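Here are the chains, one letter per residue:
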Amino acid sequence: MADTVATGVAAPHGADGTRRDFLFLATGAGLAVGVGAVAWPFVSSMAPDAATIAAGAPIEVDLAPIQDGQIINVFWRGKLIFVRNRTEKEIQDLRAVPMSDLIDPQTDAARTKEGHEKWLVVYGNCTHLGCVPAGHSGPYDGWACPCHGSLFDASGRVRRGPAPSNLPVPPYAFQSDTKIRIGEEGGGKAAA
Amino acid sequence: MSAHATTYVPKSRFAKWFESRLPIAGLIHSSFIAFPVPRNLNYFWTFGAILIAMLGIQIVTGVWLAMHYTATATEAFNSVEHIMRDVNYGWLLRYAHANGASMFFVAVYIHIFRGLYYGSYKAPREVLYILGVIIYLLMMATAFLGYTLPWGQMSFWGATVITNILAAIPVVGDTIQSLLWGGYSVGNPTINRFFSLHYLLPWMIAGVVVLHVWALHVTGQNNPTGIPIKSGKDAVPFTPYATIKDVFATVVFMILFAWFIFYQPNYLGHADNYVPANPAVTPAHIVPEWYFLPFYAILRAVPDKLGGVILMFGAVLILAFAPWLDTSRVRSTNYRPIYRQFFWLFVIVCIVLGWLGAKPPEGGYVLAARICTAYYFAHFLLVMPLVGLFETPKALPGSILESVTGPGKQVSGSGLPAGAAAAPTTKG
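The rules we used
- Residues numbered from 1 in each chain as written.
- Chains lettered and ligands numbered in written order.
- Predicted model: local features only at pLDDT ≥ 70, side-chain atom pairs only at ≥ 80, totals over all residues.
- Heavy atoms only, no water.
- Contact = heavy atoms within 4.5 Å.
- Buried area = accessible area lost by both parts, 1.4 Å probe.
- Salt bridge = Lys/Arg side-chain N within 4 Å of Asp/Glu carboxyl O.
- Pairing = 2+ DSSP bridges.
- Helix = DSSP H or I, 4+ residues; strand = E, 2+ residues; numbered from the N terminus.
- Axes fitted to C-alpha atoms, helices over the stretch in contact; angles between N-to-C directions.
- Domains from an automatic or database assignment.
- Nonpolar A, V, L, I, M, F, W, Y, C, P; charged D, E, K, R; others polar.
- Buried < 20%, exposed > 50% of the residue type's maximum accessible area, 1.4 Å probe, protein only.
- Polar contact = N/O pair within 3.5 Å; in protein donor to acceptor, adjacent residues only side chain to side chain.

Asks: Got a sec to walk through the interface of chain B and chain A? Specific residues and values, please.
Replies: In this assembly, 26 residues from chain B lie in contact with 27 residues from chain A. Of the roughly 2200 Å² buried between chain B and chain A on both sides combined, carbon and sulfur atoms contribute 64%. When the area that chain B buries against chain A is broken down by residue, the three leading residues are L179, Y184 and K305 of chain B, summing to 32%. Between the two partners, chain B and chain A, sit 0 salt bridges.

Asks: Which residues make up the sheet that holds strand β1 (residues 59-62) of chain A, and what values do they have?
Replies: Residue and element names in this part refer to chain A. With antiparallel pairing, 3 strands are arranged side by side in an open sheet as β1-β10-β9. Two strands in the sheet have a free side with no partner beyond their single neighbour: β1 and β9 (172-176). Each strand axis lies, on average, 30° off the axis of its neighbour in the sheet, ignoring direction. Relative to strand β10 (residues 179-182), β9 runs antiparallel, the two being bridged by 4 bridges. Pairing of F174 across the sheet is with I180, part of β10.

Asks: Tell me what's going on with the domain arrangement of chain B, and back it up with residues and numbers.
Replies: Residues and elements named next belong to chain B. According to the domain assignment, chain B contains domain 1 (30-270 + 277-286) and domain 2 (296-398). One C-alpha centre belongs to domain 1, the other to domain 2, and the line joining them spans 23 Å. On the side of domain 2, 36 residues touch domain 1, which itself brings 31 residues to the contact. Together domain 1 and domain 2 conceal approximately 2700 Å² of surface at their shared face, both sides included; 68% is due to carbon and sulfur atoms. Its largest share of buried area at the contact with domain 2, domain 1 owes to Y117, K122 and I165, together 24% of the area lost on that side. Elements with a contribution of two residues or more to the side of domain 1 that touches domain 2: α5 (90-117), α6 (126-148) and α7 (153-166). Tallying contributions element by element places α6 first for the side of domain 1 that touches domain 2, with 7 residues. Tallied by class, residues from the side of domain 1 that touches domain 2 come to 21 nonpolar, 6 polar and 4 charged.

Asks: So what's going on with unusual backbone geometry? Residues and values would help.
Replies: Residues and elements named next belong to chain B. With omega at 10°, the peptide bond leading from A123 into P124 counts as cis. With respect to the element layout, P124 can be found in the loop between α5 and α6. For the bond running from T239 to P240, omega is 10°, close enough to zero to count as cis. Mapping P240 onto the fold places it in helix α10 (residues 238-263). Residue W151 is not a glycine yet carries a positive backbone phi of 55°. With respect to the helices and strands, the residue W151 is situated in the loop between α6 and α7. The class of W151 is buried, set by a relative accessible area of 6%. The backbone of V171 sits at a positive phi, close to 65°, despite the residue not being glycine. For V171, the location among the structural elements is in the loop between α7 and α8 (173-181).

Asks: So what about the sheet that holds strand β6 (residues 141-144) of chain A? Which residues, and what values?
Replies: Residue and element names in this part refer to chain A. Judged by pairing direction, the sheet is antiparallel, and its 4 strands sit side by side in the order β5-β6-β7-β8 without closing on themselves. The strands lining the two open edges of the sheet, one partner per strand, are β5 (134-137) and β8 (158-160). The average angle at which neighbouring strand axes cross in this sheet is 35°, direction not considered. As judged from the 3 bridges shared by β5 and β6, these two strands associate in the antiparallel manner. Note on β6: the bridge partner recorded for S137 is G142.

Asks: Lay out the environment of K230 of chain B with the relevant residues and their values.
Replies: Residue and element names in this part refer to chain B. One can find K230 in the loop between α9 (188-219) and β2 (235-237). Take K230: its relative accessible area is 53%, and that puts it in the exposed class. Considering only alpha carbons, one finds K230 and R85, 145 residues apart in sequence, at a separation of 58 Å. Within the local environment of K230, its side chain forms a polar contact with the backbone oxygen of G398, the two atoms lying 2.9 Å apart.

Asks: Describe in detail the pattern of salt bridges, supporting the description with residues and values.
Replies: Residue and element names in this part refer to chain A. What the rule picks out here adds up to 14 salt bridges over all chains. One salt bridge connects K179 with E60, and the closest N-O pair in it is separated by 3.8 Å. Of this pair, K179 sits in strand β10 while E60 sits in strand β1; the two residues are 119 residues apart in sequence, bridging distant segments of the chain. Assessed through its relative accessible area of 33%, K179 is described here as partly exposed. A salt bridge links D68 to K118; its shortest N-O distance comes to 3.3 Å. Of this pair, D68 sits in the loop between β1 and β2 (71-76) while K118 sits in the loop between α4 (88-95) and β4 (119-123); the two residues are 50 residues apart in sequence, bridging distant segments of the chain.

Below you can see the structure in the form of structure tokens.
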């Protein structure tokens, strides 16, 4: 080899070239795997940690003290949730709304639990950029967002943008007529 | 850079010994002492120096504030009040840092509009200019992260709104949001990592500033005529001419800065941020800091969430394409009678957008924001390409010297020998 360098005459390729190709590919592959293996823990460490996930266990809410027409705020996983005890008139009005009037069409029945239609449970952050809409305000007697003017009805359905979708319904189930458990659907299925 | 020609001559034995091992003194000499600058630069060219001063002030006050600040959701607000009430001169450090961010943006906006007016983005300064756009983006990220740290109502809801903007990105939006939050909503892990990133980004800005200044010293500075340095008489040495002018302008700028710190420290802030963060209540009137208002107005002008987000980011990114969108061969708007009117219309539109960003999103304000947003993009996508093609520019002066003294006059003066000014002209 030393002779080759000194005279500047390249060694015949053949087998030597193949070995270099192999080293090049092996080094490249090793580097790619290595970079990925090192990057993964850094990215993964930014995801919700075990304590945060543990603190997101389901919660129980007692509905008995909530008056007709009242909205209460509860927090689950740090997220605001509205629980609204709706009046009979509000429910009748919501049922009369034609689907063609809705931006994100969904019946009121699909957003409540059968037999418990007076109770509305929805996430309390506007689906536009996350502000908290004010309750019992706006022309639909639902919620009105102070940030960018989105309006929601008493079913939490968006009636005027910029919010693109209805206030989502969190996973929850009735334990009894006056108690709900937020964080899992009925039958003990945990939320994702 | 390795083959940096310099007129620096080390005098002492130590200087000779050191220069032959690390030629940094020669680099500084050729970049900031002997460097030829056009002799006709006006005060708009001092804002680069002012911006470096502001970056330095932000880093120093920030490092000192970090000695007293606690980045947790429960303690952050209290620790800021602790800085204000208990720490010696803590009020000064905090007011300097908070108002310093605003002054930083005042200076950067003047700097950007100066570049747009005099065509400093055009060849051969495209890379220099794009590095500036990158610095501007990093500044916006840093300012946003910093604004969340006091964990008042505006901090919390600003963080919520901005991280929800990212959730509009298709497919990966929710994942990005979750990685930023470190939870299911803005909370303790969020403020922790925002503090870490807020401390990191200024050093990245400093790194890109070095590249920005490096690129500037390769192409040489633009000037109010937009024509390159042609002979030594077009230029003067950086020191003392530019140095003293930069320092003087910086001192004047610091007077404005000091006026805000000592007389109007909360004028540019929001009273709601002195209310601790409350995830159950959004302030009735939520607006970002003044320097984001034009982009906020663009976001709200679009009735569609994703569309608004795309236009808002597009409004910043479109700046980077200006070198190729502008078809005129004349750099300086001084010699472009038609474009000049569009330029000032663009400035007015940006200011009006800023005003609209602070107004509630209803009625005539939304319509006005839509018209202004349309013009903002039309300025880049229609006015810049078309006016450059159809406009007849005014006659350019024969040289920078001629623009200062009038045509045909001989001057004696502080010009540089032709050789000293030669390097920038070869590229300009």
